[in-house]
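# Structural features, examined
Read off the chains here:
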Amino acid sequence: MAKHWADFQYEIYLHGMTGVVPRLPTDLTRLERLAEQRLGPGPVGYVAGSAGTGSTAVANRAALDRRRIVPRMLRDVQERDLSVEVCGRALPAPLALAPVGVLSIMHPDAESAAARAAAAQGVPYILSSASSTPLEEVAEAMGDGERWFQLYWAKDREVTRSFLHRAKAAGYTALFVTLDTPLLAWRPRDLDQAYLPFLHGVGTANYFSDPAFRAGLAKPVEEDPNAAVRHFVGMFADPAKTWPDLAFLRENWDGPIVLKGILHPDDALRAADAGVDGVVVSNHGGRQVAGSVAAADALPRVVEAAAGRLTVLFDSGIRTGDDIFKALALGAKSVLVGRPYAYGLGLDGQAGVEHVLRCLLAEFDLTLALSGHSRPATLTADDLIEESV
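Residues numbered from 1 in each chain as written. Predicted model: local features only at pLDDT ≥ 70, side-chain atom pairs only at ≥ 80, totals over all residues. Heavy atoms only, no water.

The following threshold applies: UniProt positions are given in the numbering used here, feature names are shortened, and annotations may be inferred rather than shown by experiment.
As recorded in an unreviewed UniProt entry, the chain goes by the name Oxidoreductase, listed as coming from Streptomyces glebosus. In the Cofactor (unreviewed entry) part of its UniProt record, the chain is described as follows: "FMN". Quoted straight from UniProt, the Sequence similarities (unreviewed entry) entry for the chain says "Belongs to the FMN-dependent alpha-hydroxy acid dehydrogenase family."

Now the structure itself:
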């Protein structure tokens with residue numbers, strides 16, 4: 001019998017019989033304000049901030065809110081199964097933790113705590129290249145948990161090659177290549193605080209521990225950390241990359257490759273022609289292009305273009321269980337959640353991340369059932385209407 005994630009609500013109510021209430025809000029949209037009250041302005045601004053005026057992040061939410069669910073009645077939803085298959089991996093639910101870098105600015109246990117939380121709930125964890133913890137340590141922390149590796153594609157081919165070989169050796173099964181960050185965007189919240197963790201050697205653990213990266217330094221990282229930071233900044237991203245460069249990744253990675261940051265259907269076609277396995281429809285949570293199309297508005301056209309040739313995943317704006325429902329109804333196979341779990345981590349460590357996961361999946365399970373569905377595969381665009389603006 002499949003797990004009913006919705007049972008989390010009864011667990012909460014039963015604890016309430018002894019006077020115990022949740023340590024964090026169950027309305028996850030309240031976490032950002034709570035984090036701003038309890039954590040420093042630099043770290044919170046780095047996670048919460050967006051490009052420009054924040055209009056793209058606002059548009060992401062508006063595009064999801066504009067779509068409304070049309071529940072159906074008298075369907076047998078007593079037994080539900082949220083499991084899906086993504087990139088050849090059987091998952092208990094259509095949710096993974098998105099790659100979020102420099103998590104040590106939110107909590108000292110950083111990526112390891114988030115990875116342990118994902119493993120405890122059985123959902124995949126996607127480790128950022130820009131993590132505060134070396135990828136091998138994160139792999140060890142989550143044991144047999146499903147883990148995927150996100151690549152920021154460096155200018156230095158040998159560093160990229162080394163990252164891929166290290167990730168494969170550490171048991172990461174899929175490669176997520178972020179395409180939308182060849183340059184850092186204009187982010188006023190970070191600029192106003194002059195806050196960029198990388199310049200302080202935070203979020204550079206995979207680089208500073210990498211033999212190919214260290215081979216490019218005149219002195220060991222420990223002897224001249226400032227030089228190591230300068231070397232990192234000079235090779236972190238590469239605006240010159242083009243579609244033919246994907247061949248290098250395929251030569252050095254024999255598992256599934258997913259391109260993150262696709263918004264245009266023609267780019268989905270290019271991805272399919274390049275032989276990759278999937279795409280993530282994403283605008284980086286509004287952090288890269290101010291005024292960008294909302295991710296949920298881009299999703300249907302990308303799904304249509306992919307036409308079964310690619311697995312289509314979705315992120316940018318997921319905050320609730322009904323958001324997950326809507327993204328799947330628009331054609332996504334699974335979703336990634338980012339900022340909410342980063343706030344949960346900052347507020348309550350591993351337990352905070354687990355709280356976020358359990359809330360999201362309980363609410364999705366309930367929304368699915370109350371709308372007349374017992375599994376994600378039956379969701380279609382007919383389950384939504386779009387309100388006129």
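## Side note on the overall build of the chain
Here is the rule we go by: Only runs of H or I of at least four residues qualify as helices and only runs of E of at least two qualify as strands under DSSP, and these elements are numbered from the N terminus. Here the globule rule is a power law, 2.2 Å times the number of residues to the power 0.38, and the radius of gyration is based on C-alpha atoms. Working definition: with a 1.4 Å probe on protein chains only, accessible area under 20% of the residue-type maximum means buried, over 50% means exposed, and in between means partly exposed.
Secondary structure assignment for the chain yields 16 helices and twelve strands. Over its C-alpha atoms the chain spans a radius of gyration of 20 Å, differing by no more than 12% from the 21 Å that the globule rule assigns to 389 residues. Considering only C-alpha atoms, the chain reaches an extent of 70 × 50 × 40 Å along its principal axes. Per-residue burial for the chain yields a buried fraction of 56% across its 389 residues.

## Some remarks on the side chain of S162
Using the following cut-off: Nitrogen and oxygen atoms within 3.5 Å of one another constitute a polar contact, given that in protein one can donate a hydrogen and the other can accept it, and given that sequence-neighbouring residues count only through two side-chain atoms.
By the element assignment, S162 lies in helix α7 (residues 157-169). For S162, the side chain forms a polar contact with the side chain of D210, separated by 2.7 Å.

## Observations concerning the pairing of strand β8 (residues 257-262)
Strand residues, when the strand is regular, have side chains that alternate between the two faces of the sheet. Cut-off, in case you're wondering: The criterion for strand pairing is that DSSP finds at least two bridges linking the strands in question. By convention, a crossover is right-handed whenever its connection, traced from the first strand over the helix to the second and viewed with the strands pointing away, goes clockwise.
Taking burial as the measure, the six residues of β8 include six buried ones, the bulk of the element. Examined bridge by bridge, strand β7 (residues 175-178) and β8 share four bridges and lie parallel to one another. In the strand pairing of β8, V177 is matched with L259. As judged from the four bridges shared by β8 and strand β9 (residues 278-281), these two strands associate in the parallel manner. Within β9, the position partnered with K260 by the bridge is V280. With helix α13 (residues 265-273) bridging β8 and the parallel β9, this β-α-β connection has right-handed handedness.

## Observations regarding the UniProt feature "binding site: glyoxylate" (unreviewed entry) in the chain
Applied cut-off: The contact criterion used throughout is that any non-hydrogen atoms of two residues lie within 4.5 Å.
On the UniProt side, "binding site: glyoxylate" (unreviewed entry) is annotated at positions that read Y46, Y152, R187, K260, H284 and R287 here. In this structure, H284 sits in the loop between β9 and α14 (295-306). Judged by its relative accessible area of 12%, H284 falls in the buried class. When residues no more than four places from it in sequence are discounted, the contact partners of H284 are Y152, T178, D180, T181, K260 and S316. In this structure, R287 sits in the loop between β9 and α14. Among all residues touching R287, those that are not within four sequence positions of it are Y46, V47, G49, S50, A51, A185, R187 and R339. A polar side-chain atom of R287 sits 3.1 Å from the main-chain carbonyl oxygen of G49.

## Some remarks on helix α6 (residues 135-142)
We count it as follows: The directions from the helix axis to the C-beta atoms are what the arc is built from.
All of the buried residues in α6 are L135, V138, A139 and M142. For α6, the angular spread of the buried residues around the axis is 100°, confining them to a single face. If you follow the buried residues of α6, they end up packed against α5 (110-121), β5 (125-127), β6 (147-152), α7 and α9 (205-208). Taken from the residues just after α6, G143 is the one with a positive phi, measuring 60°.

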